[in-house]
Each structure stands twice: as structure tokens, then as C-alpha cells.
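# Summary of structural features
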Amino acid sequence: PENTRESLAAAVQAGARFLEFDVQLSADGVPVLLHDDTVRRTAGRPGSVFELSAAELSRIEVNETARLGPAFSGVRIPLLQDVVTDLMAWPGLTAFVELKPQSLTHFGIGYMLDRVLQTLAPVLDACVVISFSAPAVEEARRRTGCKVGWAIEHWSEKSFETATQLAPGYLFCNYRKFPPPPAPLWPGPWRWVAYEVTA
């Protein structure tokens, strides 16, 4: 199941050298791994991340039974702190840590960065802080000098201008949004990361 310690460990065992996971903040401001701001899709039950404490969230199974069946019973929402412990045992990896827009909006950029960057401190050199929010990415780099990546929402001249001004180390784009060949990708100091590529 996505955004779990088990999925990250499986990727490492398969030989992946780059990992990506999503971070939301719980009601009590603790960073947890979760893509959505609710647990309905992954846990099959109601519940907002903003109404549940980290302790409550960490007891919720997110085994994605609708997609994966009963194979992953017992898999739960991890705290970012626990994943940091895992990353410390996996030298040579790069972890893309995505700040989700729902939590940035709910708590504010400053508060979310306070909580996430403090938690990531022991492994920050191995992390790239990424987001669809250019201001959040810019502020993360200003605070710590950490590596950053920006996820573009739209392939447009305005996005290219923002990317040029931001000059992140990585640009993330849904591969379906790339211009059709032979149109080139934007030149810049970044590396491209294409996502939503599935077998």
C-alpha cells in the first residue's frame, strides 16, 4: 500500500535508489505519511487527517483492500519520524518528501515547514523537499538550504517562468502533461521527474 513503511522497504529491496512519499499534518501537528486529507480511499472508512491526532492516525489500517485485497492486513499510517529512522538505515538513497497542499493550506506554510523540517533534520541531506506550492519550496530552501523540487500543475508559459525563477533541482510533471514530441522539455538547471508512469 502507498505511503507506508512496508512500501518504501519493498522499493529499497527491489533496488530503488529514489523514493517519494507524501506528508500531511495530523490534528495535533505531527507529520504523517498520507496522500489525501482523508483516510477514505486507503482505509475505506471516514476520517479527516485534520480531525485525528497522530496517535489515532497511527492505529488506522491503510491496506487499500479495494485495490489490493486482504494481502496487507495490519499495515498502518506511519509517522514521518518512523520513516526518518528507516532512511537512516538506507544510505545512498534520495527521498522526495512531498508537502501536500491540503496541509499547507490548513496549517500555513510556516507551521508545516516548522514541523516537517525539524523531523527531517537527521536525514535532510538525503531528502528533496517537493511540493506543488512554489512558495513552500522556496521557503524550505531559504530556511535550510535543502535540495528542493517543484511539481508543476500545468504545462504553460507561466509555469516555465515560475520554474526559471525558482530554479529547483528537480521538476516533477505528470507525463501526460508533457508536450507531444518533438517539442522539447524546458531547459534549465533541473532534472525532470515524470510520474504516473505505470505498467
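Owing to the predicted nature of the structure, the values given are computational and were not obtained by experimental measurement.

Within the secondary structure, T119 is located in helix α7 (residues 109-120). Overall, the relative accessible area of 12% leaves T119 in the buried class. Within the structure, T119 has its side chain in polar contact with the backbone oxygen of R115 (distance 2.8 Å). For T119, the residues in contact, after removing those within four places along its chain, are P31, L80, Q81 and V84.

Turning to unusual backbone geometry, a few remarks are in order. Backbone torsion omega between P181 and P182 reads 5°, so that peptide bond is classified as cis. Within the fold, P182 resides in the loop between β6 (170-174) and β7 (191-195). Backbone geometry places N3, a non-glycine residue, at a positive phi of 55°. Summarising the element assignment, N3 is placed in the segment before α1 (5-13). One non-glycine residue, A167, adopts positive backbone phi at about 50°. Classification of A167 as partly exposed rests on a relative accessible area of 32%.

This part takes up the pattern of salt bridges. Taken as a whole and assessed by the stated rule, the structure comprises 10 salt bridges. Note that E2 is salt-bridged to R41, the shortest N-O span being 2.8 Å. Note that E2 is positioned in the segment before α1 and R41 in helix α2 (residues 40-43), a separation of 39 residues in sequence. For E64, the salt bridge identified is with R67, shortest N-O distance 2.8 Å. Bridged by salt links that share partners, the residues D114, E139, R142 and R143 form one connected network.

Glancing now at the state of the cysteines. Joining two cysteines, a disulfide is a covalent bond between their sulfur atoms. Here the structure, examined in full by the defined rule, presents zero disulfides. The thiol of C146 is unpaired, and the distance to the nearest cysteine sulfur, on C127, comes to 8.7 Å.

Another point: the packing of aromatic side chains. Tallied over the full model, the rule gives 11 aromatic pairs. Here the aromatic residues W155, F160, F178, W186 and W192 are joined through ring pairs into a cluster of three or more.

Basis of the calculations
- Residues numbered from 1 in each chain as written.
- Predicted model: local features only at pLDDT ≥ 70, side-chain atom pairs only at ≥ 80, totals over all residues.
- Heavy atoms only, no water.
- Helix = DSSP H or I, 4+ residues; strand = E, 2+ residues; numbered from the N terminus.
- Buried < 20%, exposed > 50% of the residue type's maximum accessible area, 1.4 Å probe, protein only.
- Polar contact = N/O pair within 3.5 Å; in protein donor to acceptor, adjacent residues only side chain to side chain.
- Contact = heavy atoms within 4.5 Å.
- Salt bridge = Lys/Arg side-chain N within 4 Å of Asp/Glu carboxyl O.
- Disulfide = S-S within 2.5 Å.
- Phe/Tyr/Trp six-rings, centres within 6.5 Å; stacked < 30°, edge-to-face > 60°.

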